[in-house]
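# A structural walkthrough
Here is how the chains run, residue by residue.
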Amino acid sequence: MKLLRASVLVLLGGLASFQACAGLAPDPETTKQAVVQVYGARTMGVKGLFGVHTCIAVKPTDATSWTVYEIIGWRLRWSDSALVIRERQPDAPWFGAEAELYADKRGEGVDELIARIDKAARAYPYANTYTLWPGPNSNTFVAWIARTVPELQVDLPATAVGKDYLGSKFVSTAPSGSGFQFTLAGLLGFAAGPVEGFELNILGLTFGVSGSGVKLPLAGRVGLPHFPEAAKP
């Protein structure tokens, strides 16, 4: 029964990646330059009203496929790690929810960022645990990567619940890796910086304003994500 349940979950995870794509990820067959993108999509069921599932996708120079780094909590039902590193189309819907692009880096210097992303992902300290609220979860993972590789300049929306989780720490850089953050277990705190603008976190719900718009619970972001100094295709 345990094996059957694991097989079903793997199948569902695969189905989540093989739907019509949003057209946000460049075709690796024709795009030679290195690319890093950060995506999010609403989670399944009622949870999707409040939160998104985020991931990081990389394509090194001359690679012909995408590699996606993400945390999938249900894997812990049969595995000792929720970290998943696999080839898949990053802008595919997540169980029917449309993918949104939060960061985009391309061209010179990006291969070095990809190497650092891989190293940071494999050093993620919460790979063997998962808590939907307030974290650690998939958004905690992406924020961990973004803090480690601040060149990505990821501006996560209010719906990335878990991005403010710092474990036993109270002070760090903001999730983008810039600025400043104070938090009490991801439940109460604030962040300020050039990417996030100003954010207030109350019980895991984020209220804020930045160059990309106003950040609100449920809505996520009123405005469009802003990619500072993003390279052009």
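It should be noted that the structure appears before, not after, this text.
Below or above, wherever it landed, is the structure these notes cover.

What counts, and at which threshold
- Residues numbered from 1 in each chain as written.
- Predicted model: local features only at pLDDT ≥ 70, side-chain atom pairs only at ≥ 80, totals over all residues.
- Heavy atoms only, no water.
- Helix = DSSP H or I, 4+ residues; strand = E, 2+ residues; numbered from the N terminus.
- Buried < 20%, exposed > 50% of the residue type's maximum accessible area, 1.4 Å probe, protein only.
- Contact = heavy atoms within 4.5 Å.
- Salt bridge = Lys/Arg side-chain N within 4 Å of Asp/Glu carboxyl O.
- Pairing = 2+ DSSP bridges.
- Core = buried A, V, L, I, M, F, W, Y, C linked by side-chain atoms within 4.5 Å.

Turning to unusual backbone geometry, a few remarks are in order. Going from Trp133 to Pro134, the amide bond is cis rather than trans, its omega being 5°. By the element assignment, Pro134 lies in the loop between helix H2 (110-122) and helix H3 (138-148). With an omega of 5°, the peptide bond between Gly135 and Pro136 qualifies as cis. For Pro136, the position within the fold is in the loop between H2 and H3. The residue Gln153 is not glycine, and still its phi comes out positive at about 50°. Within the secondary structure, Gln153 is located in the loop between H3 and strand E6 (171-172). One non-glycine residue, Leu203, lies in positive phi territory at about 55°.

So, about the environment of Gly220. Here Gly220 is to be found in the segment after strand E11 (213-215). Classification of Gly220 by relative accessible area gives buried; the value is 2%. Once the C-alpha coordinates of Gly220 and Ala158 are considered, the two residues, 62 residues apart in sequence, prove to be 4.5 Å apart. If we ignore the near neighbours within four places in the chain, the residues touching Gly220 are Arg42, Pro157, Ala158, Thr159, Val214 and Lys215.

Right, let's get into the pattern of salt bridges. Overall, the coordinates contain 11 salt bridges when judged by the stated rule. In this structure, the salt-bridge partner of Arg116 is Glu112, at a minimum N-O distance of 3.4 Å. Placement of the pair is Arg116 and Glu112 together in helix H2, with a separation of 4 residues, close to one helical turn. Overall, Glu112 belongs to the partly exposed group, its relative accessible area being 43%. Here Asp155 makes a salt bridge to Lys215, at a shortest N to O gap of 2.5 Å. A residue pair is termed long-range when its members are at least 10 positions apart, and Asp155 in the loop between H3 and E6 and Lys215 in strand E11 qualify at 60 residues. On the basis of relative accessibility, which here comes to 2%, the residue Asp155 falls in the buried class.

What follows is about the pairing of strand E2 (residues 52-59). Summarising burial for E2: 8 of the 8 residues are buried, a large majority. Covered by surrounding structure in E2 are Val52, Thr54, Ile56 and Val58 together with His53, Cys55, Ala57 and Lys59, the residues of both alternating faces. Taken together, the 8 bridges between strand E1 (residues 35-42) and E2 define a ladder with antiparallel strand orientation. Among the inter-strand pairings, Val35 is bridged to a residue of E2, identified as Lys59. Across 3 bridges, E2 lies against strand E3 (residues 67-71) in antiparallel orientation. Note that in E3 the partner of Ile56 across the bridge is Tyr69.

What follows concerns the nonpolar core. Most often, soluble globular proteins keep nonpolar side chains buried together rather than apart. Counting residues in each nonpolar core, the largest one holds 30 residues, and the members touching the most others are Val36, Ile56, Ile117, Phe141, Ile145, Leu152 and Val154. Looking at this core, the element that brings in the most residues is H2, giving 6 residues. In this structure, Tyr39, Cys55, Ala57 and Trp66 belong to the second largest nonpolar core, which totals 9 residues.

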